[in-house]
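# A look at the structure
Below are the chains, spelled out letter by letter.
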Amino acid sequence: MILSRKFLKFEIDLDFVLIAVTTSLKDYRVCYLINKALSFNLVKNPDLEVDINHGTEPVLFSIYHYNWEATETDFYFIANKGSDGYLIPEMRKADYFLLIKNYIDENDLDNLVSALNKVPEIVAAVKIDPKKIKSRENLLF
């Protein structure tokens, strides 16, 4: 008797855009500058808890949130360095990430990255393809 085997392939849905931000400023100061430059209202949320080292305490990362009501787009400004490790360890040079959930127009996205790069205190803001990041599961919350 021959048994047929079926395999279930699990693929993570990465329906967000990711921008890496490099700066030497503290999170609250960068958010203030982004709020001013982009007319946002990033507000501090309780720290994001991520299980990076399974079996140990979760690592805490500061996180800010803003919602564009017109398009229902959510913006999350997340620190890459947490209480005991990195959110995305392979991108240690990035200090923060701006994670954009739901729809954002390509032109709006380009304008946003351009506006971030015009803030003098921000060294660089670069779009990152989430599919190329090994630890992308840390960005799912």
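To be clear, the structure that these remarks concern was listed above.
Residues numbered from 1 in each chain as written. Predicted model: local features only at pLDDT ≥ 70, side-chain atom pairs only at ≥ 80, totals over all residues. Heavy atoms only, no water.

### Notes on the nonpolar core
Note that soluble globular proteins tend to have their nonpolar side chains buried in a common cluster. Put simply, the rule reads: We define the nonpolar core as a collection of buried residues of types Ala, Val, Leu, Ile, Met, Phe, Trp, Tyr and Cys that are connected through side-chain atoms lying within 4.5 Å of one another. Only protein chains enter the area calculation, which uses a 1.4 Å probe; residues under 20% of their type maximum are buried, those over 50% are exposed, and those in between are partly exposed. The helix and strand labels rest on DSSP assignments: H or I over at least four residues marks a helix, E over at least two residues marks a strand, and numbering proceeds from the N terminus. Two residues form a contact once any of their heavy atoms are found within 4.5 Å.
With 25 residues, the main nonpolar core has Ile19, Ile34, Phe77, Leu112 and Leu116 as its most contacted residues. Listed by contribution, the elements that provide at least two residues to this core are strand E1 (16-22), helix H1 (27-38), strand E3 (59-68), strand E4 (73-79), strand E7 (96-101) and helix H2 (106-118). In terms of residues, this core owes the most to one element, H1, which gives five residues. Setting aside anything within four residues of it in sequence, one finds isoleucine 19 in contact with Tyr96, Phe97, Leu98, Ile100, Leu109, Leu112, Val113, Leu116, Ala125, Val126 and Lys127. Of all hydrophobic cores here, the second largest spans 18 residues; its members include Tyr76, Ile78, Met91 and Ala94.

### A few points about the pairing of E1
Rule in force here: Think of it this way: DSSP has to see at least two bridges between two strands before they count as a pair.
Counting buried positions along E1 gives five out of seven residues, so the element sits mostly inside the fold. Strand direction decides the pairing type here: E1 and E7, joined by six bridges, are antiparallel. Across the sheet, valine 21 pairs through a bridge with tyrosine 96, a residue of E7. The sheet contact formed by E1 and strand E8 (residues 124-128) spans five bridges and is antiparallel.

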